[in-house]
Amino acid sequence: MKIKNPKDFWAGLMFIGFGLFFVIVALGTPAFIDKLWGERLIPGYQMGTAVRMGPAYFPVFLGALLAILGAIIFVRAFASKLGAEETAVHLPFNFLDLIVAFVVFVVMVELAKHLKISNDYAMLASAVVLSLLAILFRPEAKALTLILASSLAFAYLLKPLGLVLASAALIFISAFGGHEFKWKEVAILTVALVIFSVVVFVKGLTLPFPICPDFIELCPIR
Amino acid sequence: MEGIFHNLGIGFVEVFRLQDITLWGHTLSYVPFNILMCLIGVFLGTLIGVLPGIGPVATIAMLLPVTFNLSPVAALIMLAGIYYGAQYGGSTTAILVNLPGESSSVVTCLDGYQMARQGRAGPALATAALGSFFAGCVSTLIVAMFAPPLAEVALKFGPAEYFSLMVLGLVSAVVLAHGSLIKAIAMVLLGLLLGLVGTDVNSGVLRFAFGISELADGIGFVTVAMGMFGICEIIGNLEQKEHREVFTSKVSHLWPTKEDWRRMIAPVLRGTALGSALGILPGGGALLASFGAYTLEKKVSKYAHEFGKGAIEGVAAPESANNAGAQTSFIPLLTLGIPSNAVMALMIGAMMIQGIAPGPQVMSERPQLFWGMIASMWVGNLMLVILNLPLIGMWIKLLTVPYRILYPSILIFMAVGVFSISNQPFDCFLMSLFGLLGYICVKLGCEPAPLILGFILGPLMEENLRRAMLLSRGDPFVFISPTKPISMGFLIAAAILLAIIALPALRAKREEAFAAEEAG
Amino acid sequence: MPPRKRAERVKRLWLLVALAACAGTAAAQAWPTHPLRLVAPYAAGGPIDLSARLLAAKLQASLGQPVVVENRPGAGGNIGVDLIAKGPADGYNLVMSAIATLAINPSLYASLPYDPLKDLRHVTLLVQVPNVLVVRNDLPARSVPELIALAKGRPGKLDFGSGSTGSTGHLAGEMFKMMTGTFMVHIPYKGAAPALADMMAGRIDLMFDNLASALPSIRAEKVRALATTTLKRSSFLPNLPTLDEAGLKGFDMTTWWGVSVAAKTPQPIVDRLSAEILKAMDAPDFKERLRGMGSEPPAIRTPEQFSAFVSSELRVYSELVKRSGAKAD
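To start, this report covers the structure provided alongside it.

Reading the values: rules and limits
In every chain, residue numbers begin from 1 and rise along the written sequence. Each chain gets a letter, beginning with A, and each ligand a number, beginning with 1, in the order they are written. Local features in a predicted model are, by the rule used here, given only for residues with pLDDT of at least 70; side-chain atom pairs are given and counted only at 80 or more, and totals for whole chains, interfaces and linings are based on all residues. Values shown for side chains rest on all heavy atoms present in the structure; no hydrogens or waters enter the calculation. Only runs of H or I of at least four residues qualify as helices and only runs of E of at least two qualify as strands under DSSP, and these elements are numbered from the N terminus. Throughout this description, buried means an accessible area under 20% of the type-specific maximum (1.4 Å probe, protein chains only), exposed means over 50%, and partly exposed covers the range between. Note on contacts: a residue pair qualifies if any of its non-hydrogen atoms lie within 4.5 Å across the two residues. Counted as positive: Lys and Arg. Counted as negative: Asp and Glu. His and the chain ends are not counted at all. For charged residues, the charge sits on one atom: NZ in Lys, CZ in Arg, CG in Asp, CD in Glu. It is over C-alpha atoms that the radius of gyration is taken, and the globule rule equals 2.2 Å times the number of residues to the power 0.38. Accessible-area loss on putting two parts together, using a 1.4 Å probe and summing over both, is the definition of buried area adopted here. Every case where a carboxyl oxygen of Asp or Glu lies within 4 Å of a side-chain nitrogen of Lys or Arg is listed as a salt bridge. N or O atoms within 3.5 Å of each other form a polar contact, as long as, within protein, one can give a hydrogen and the other can take it, and as long as residues adjacent in sequence are counted only when both atoms are side-chain atoms. Polar here means any residue other than Ala, Val, Leu, Ile, Met, Phe, Trp, Tyr, Cys and Pro, which are nonpolar, and Asp, Glu, Lys and Arg, which are charged; Gly is therefore polar. One fewer than the residue count of a helix, multiplied by 1.5 Å, yields its expected span. We define the bend at any residue as the angle between the axes fitted to the seven residues before and including it, ending there, and the seven starting there. Only a pair of cysteine sulfur atoms within 2.5 Å qualifies as a disulfide here. Aromatic pairing here means that ring centres of Phe, Tyr or Trp (its six-membered ring) are within 6.5 Å. Orientation follows from the plane angle: under 30 degrees is stacked, over 60 is edge-to-face, and everything else is tilted. By definition here, charges over rings are those cases where NZ of Lys or CZ of Arg is within 6 Å of the ring centre and within 35 degrees of the ring normal. For the purposes of this section, nonpolar cores are sets of buried Ala, Val, Leu, Ile, Met, Phe, Trp, Tyr and Cys residues that join through side-chain atoms within 4.5 Å. Note on geometry: axes are lines fitted to C-alpha atoms, helical ones only across the stretch in contact, with angles between N-to-C directions running from 0 to 180 degrees. Angles below 35 degrees are treated as roughly parallel, those above 145 as roughly antiparallel, those between 65 and 115 as roughly perpendicular, and all remaining angles as oblique. A pair of strands is treated as paired once DSSP finds two or more bridges between them.

Some thoughts on the overall build of chain B
Thought 1: Across its full length, chain B holds 20 helices and four strands.
Thought 2: Principal-axis analysis of the C-alpha atoms gives chain B an extent of 85 × 60 × 50 Å.
Thought 3: Each of the 520 residues in chain B was classed as buried or not, and the buried ones make up 66%.
Thought 4: A separation of at least 24 residues holds for 77% of the contacts in chain B among residues at least 6 apart in sequence.
Thought 5: Each charge class in chain B was averaged separately, 28 positive and 30 negative side chains, and the resulting centres sit 5 Å apart.

Written as structure tokens, this is what we have:
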């Protein structure tokens, strides 16, 4: 059986995956898996009755429906009559890469727990590692990875390093993900955006952001 | 009838009233203070509406202490101005950069952004502004004339009616997509499920949070919208093989053409009607208005094939609807003292701090406040049009900036906005996750818009379904019972709409099958 | 050790203690030297957030340092309170703690990341609002005894609404059911406003709502008030009997909130904070604004009284939550 429609194939799998995920988390793992695992793997929520619907009722119903639709889409992928151009999937990474990314995050979080440092550093480290991996091995995914990494960098650098440095990180990393990277241009853009942000967000809207890192004293706000 | 003019007269007199103000020790006489407050409010509202991620709720909350020293009328006029000003600003970002400032601007992104990419940002923005202005005027009049009876109608909406309305809304959400029908339904379902993450209202149980305390109150709309619309769009643009500018430099007109004007009129009228009707419903009415209007337009317009690619009706209808809805959502507040959304809840807070008990008696005990607010809504809309139309030229200039400079700026605003939701990095992480999800979905031929609408409606639907079942003690036929004609009506409409949608798709499949048979 | 040397040592020790005390008071007197943070563990706009902003404005004026209100919503307020409980105990980090986060959530949630008595120091009780038992206008019950009779005659037929599972409105209803031996169905809503709206429309029969949100509807005669939940009558509705008077002896429930800091905050700073907050509360305009929320100045003033109050409330609500079977997560 040839996969006539890769888009539907993967979309169907994705929907089946999501649907099953919600059903299992809401219902809990079935008994035979619990026996294998030794204890209740996923507790699940109460179903309740139609009168007093429990928290699991709606999610299970919807999740099951989603999984069924996913299955229909999946099966359709083998019988599709659409042209190859419309159905080809152009993802710059494959499934394995997603698993690698997940593993990187988990490893970093565990490492942070082990070293007793904040989770934030784990997220930053993961972003850095994944960006480097993408640049080296998956140049097609450069834009995707760097844009995502830039917003992670901003978020996790804001508290420790302040608005100025976090914004600079975001702008530099995201600019790197673009087509061209001109140092002077990016630097000027950084300065302009930082000034704008400080004036509008911190001074104007009084958002409680630190502007400078803790070790620099000459900042107007903590 | 004379009563209305008399009351509107009171209102306008109050709005234009000249007062003596004491500023830093100097007393200025004959200052039209309330108008000034209105201007400040709409200006601020537009500004924060344009900044993605930062919404009127946060701004109004921050400005509450300022209102302590103002008179109640001035305070409420300013806060109201922020609210509907944000609607105008939100549509600006939706059109220019595909970022919905408010949940009701999601639909404007669909066609407005496409129009901008085709060099028609000017007509799109003008349509949005003028449509909103018209809708604002009409709905203000409706508020003035029919506030009390409309409030009574709103009270008739119980959980069963809301649920049925949302089912109708969901079916409409499917219409929004222009690709595969079944994938659109799947995206809606996925959105519904994602909306359930968080604390369950009815039982208090924390669902799908996996011990992450930041998820205890669910995933925020802003996070999902920024991720799936904003980040996804930026990445998509950066991935274009040929280094083509996102916004074509060939800007055709700054103003709608004669053809545009002709095509705008009916959608604006329909959108206004729908928006005014749905806005009075506390709890999600104004939201449904914008994409209900879009769906309606798509179904009745003879340019339906253009929807999703830059049809002007796709901007005119939802924009009118959401502004009409914004005005009429004041009705439950002003007549019954019930807030329709988080912003109204803040206004109630502002009123209470001023010592005014919100409720039905406000209209009779404080006519200047009531009618002054209504008159200020009209004045505010006028100010917004006057403010926004000249700005169109500026926005167009902004779009000519090379994309490599534009997109980091957009990213900063998004990141700041999302971070400020709860001052935690976690929300930005979620935004990135949703960006990834949106990216994958688009590559797989699934559209993000139905997911977002499912996301907004999901928790509301469940809450109302369970509450309706609780109240009816488990009778599932309560939704179509003859004692609830409104609920039955919505469900029948949903069924009809579903049939209308499904039939062409089915027919196309049959034709496909026939063609294949004949060929092979 | 030779006696002379020991005496010297003791003297030196006392000097050190005296110096430390001075340093403590000096620190307290120097405090505050930079902006303070007041965490409101709820979304912007609710009554707790509003009173936080009012307080922040007043404190800013009297302390001479900005007081920044930070919204940290989530988990019924637990996230924000935990942030301060585990944060620096330097007097610059305050939190709006409420009946939910201090007295109810410990029993409502299976596990709470903080201990309301051990991890927090309670500074001042800001607001105390009674709840009111309101019924819909068509309900054939004009007094509490009539309501009890009605409920007994129709077991399981009456619906009572509340702002959320585990809220004071919900628990007041459960307490009522337990004390009267009646059975009514609990209908949770997202906030008191939709519940009130449904009651006005006649879809639910009664609810226990806090005075501020119910008062306008009562005055406009959209709903009927039967009793208040405090031992003393409310000055806003002097003709309304209390549940205690109506036969439910000892029924005393209020919704309250105040300001807390981390447990290890130095005593001098706590005292100064308390004094400043009380000063703000005594200002006539502040009192006026809080009256707008249905609050009357609480009798509890000092940190010690507040702590004792929190302990007793915690005891009462642990019992109540357990017996009612209410649960979150």
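From this point on, the discussion continues.
Some details on the overall build of chain A
Thought 1: Along the backbone of chain A there are eight helices and zero strands.
Thought 2: Along chain A, helices and strands appear, N-terminal first, in the series α-α-α-α-α-α-α-α.
Thought 3: For a compact globule of 222 residues, the expected C-alpha radius of gyration is about 17 Å, and chain A comes in at 23 Å, more than 25% above that figure.
Thought 4: Dimensions along the principal axes, computed over C-alpha positions, put chain A at roughly 60 × 50 × 35 Å.
Thought 5: Here chain A, with 222 residues, has 45% of them falling under the buried criterion.

Notes on the side chain of N388 of chain B
Thought 1: Examined against the element boundaries, N388 of chain B turns out to sit in helix 16 (residues 367-399).
Thought 2: Those residues in contact with N388 of chain B that lie beyond four places of it in its chain are T46, Y88 and T92 of chain B.

Some points on the interface of chain A and chain B
Thought 1: Contacts between chain A and chain B engage 73 residues on the former and 72 residues on the latter.
Thought 2: A per-residue breakdown of the area chain A buries against chain B is headed by F22, F58 and H179 of chain A, which together make up 10% of the total.
Thought 3: The tally of links between chain A and chain B comes to three salt bridges.
Thought 4: The residue K183 of chain B makes a salt bridge to D8 of chain A at a minimum N-O spacing of 2.8 Å.
Thought 5: At the junction of chain A and chain B, the tally comes to seven residue pairs in polar contact (both at pLDDT 80 or more).
Thought 6: Of all elements in the fold, only helix 1 (6-27), helix 3 (57-76), helix 5 (95-115), helix 6 (119-137), helix 7 (142-176) and helix 8 (183-204) of chain A reach the threshold of two or more residues within the side of chain A that touches chain B.
Thought 7: It is helix 7 of chain A that contributes the most residues to the side of chain A that touches chain B, 17 residues altogether.
Thought 8: Of the residues contributing to the side of chain A that touches chain B, the split by class is 50 nonpolar, 12 polar and 11 charged.

Quick notes on helix 16 of chain B
Thought 1: Here helix 16 of chain B contains 33 residues, and its C-alpha end-to-end distance of 46 Å stays within 8% of the 48 Å for a straight helix at 1.5 Å per residue.
Thought 2: The largest bend in helix 16 of chain B comes to about 35°, at I392 of chain B.

Focus: the environment of E447 of chain B
Residues and elements named next belong to chain B.
Thought 1: With respect to the helices, strands and loops of the structure, E447 is situated in the loop between helix 18 (426-443) and helix 19 (448-471).
Thought 2: Between the C-alpha atoms of E447 and S422, which are 25 residues apart in sequence, the distance is 28 Å.
Thought 3: Every residue in contact with E447, bar those within four places of it in the chain, is listed here: L176, A177, H178, G179 and M187.

So, the interface of chain C and chain A
Thought 1: With five residues of chain C at the contact, the number on the chain A side is four residues.
Thought 2: Both faces combined, the contact of chain C with chain A buries some 400 Å², and carbon together with sulfur accounts for 51% of it.
Thought 3: A per-residue breakdown of the area chain C buries against chain A is headed by P35, V68 and E70 of chain C, which together make up 53% of the total.
Thought 4: Run the count over chain C and chain A and you get zero residue pairs in polar contact (both at pLDDT 80 or more).

Some remarks on the environment of R138 of chain A
Residue and element names in this part refer to chain A.
Thought 1: With respect to the secondary-structure elements, R138 resides in the loop between helix 6 and helix 7.
Thought 2: Using a relative accessible area of 29% as the deciding quantity, one classes R138 as partly exposed.
Thought 3: In this structure, the C-alpha to C-alpha distance between R138 and K2, residues 136 residues apart in sequence, is 27 Å.
Thought 4: Discounting residues that sit within four places of it in the chain, R138 has contacts with P92, F93, N94, D97 and L133.
Thought 5: At 2.6 Å, the side chain of R138 forms a polar contact with the side chain of D97.

Digging into the state of the cysteines
Residues and elements named next belong to chain B.
Thought 1: Here the structure, examined in full by the defined rule, presents zero disulfides over all chains.
Thought 2: Here C109 stays free of any disulfide, with the sulfur of C232 as its closest cysteine sulfur at 12 Å.
Thought 3: Not part of a disulfide, C428 finds its nearest cysteine sulfur in C232, a span of 17 Å.

Thoughts on the packing of aromatic side chains
Thought 1: Tallying each qualifying case throughout the model produces 33 aromatic pairs over all chains.
Thought 2: Between F21 of chain A and F210 of chain B the ring centres are 5.9 Å apart and the planes differ by 45°, which places this aromatic pair in the tilted class. Taken together, the positions of F21 of chain A in helix 1 and F210 of chain B in the loop between strand 4 (206-207) and helix 9 (221-238) put the pair across two chains.
Thought 3: What links up through ring pairs into an aromatic cluster is the set F9, W10, F74, F78 and F95 of chain A.
Thought 4: R263 of chain B extends its terminal NZ or CZ atom over the ring of Y303 of chain B, reaching a point 3.7 Å from the ring centre.

Considerations on the pattern of salt bridges
Thought 1: Summed over the entire model, instances satisfying the criterion amount to 35 salt bridges over all chains.
Thought 2: Via salt bridges that share partners, E180, K182 and E185 of chain A together with R404 of chain B belong to a single interconnected network.

A closer look at the nonpolar core
Thought 1: By size, the foremost hydrophobic cluster in this structure holds 308 residues, and its most contacted members are F15 and F201 of chain A, F330, M347 and I374 of chain B together with L126 and I277 of chain C.
Thought 2: Setting aside residues up to four positions removed in sequence, L126 of chain C forms contacts with S51, L55, M96, W257, G258, I277, M281, F286, L290, S295 and P298 of chain C.

What to know about the packing of helix 9 (residues 267-282) of chain C against helix 10 (residues 284-291) of chain C
Relative placement of two packed helices is described by the angle separating their axes and the distance separating the axes.
Residue and element names in this part refer to chain C.
Thought 1: Between helix 9 and helix 10, the shortest axis-to-axis distance is 5 Å and the interhelical angle comes to 75°. Considering their axes alone, helix 9 and helix 10 lie roughly perpendicular with respect to each other. Contacts between helix 9 and helix 10 involve A280, M281 and D282 on the former and, on the latter, P284, F286 and K287.
Thought 2: Along the lines of polarity and charge, the residues of the contact of helix 9 with helix 10 split into four nonpolar, no polar and two charged.

Details of the pairing of strand 3 (residues 93-98) of chain C
Residues and elements named next belong to chain C.
Thought 1: The element strand 3 is largely enclosed, with a buried count of six among its six residues.
Thought 2: Burial of strand 3 is two-sided: the residues N93, V95 and S97 facing one way and the residues L94, M96 and A98 facing the other way are all buried.
Thought 3: The pairing of strand 1 (residues 36-40) with strand 3 spans three bridges and is parallel. Across the sheet, residue L38 finds its bridge partner in strand 3, namely L94.
Thought 4: Where strand 3 meets strand 9 (residues 254-262), four bridges bridge the pair, whose relative direction is antiparallel. Note that in strand 9 the partner of M96 across the bridge is V259.

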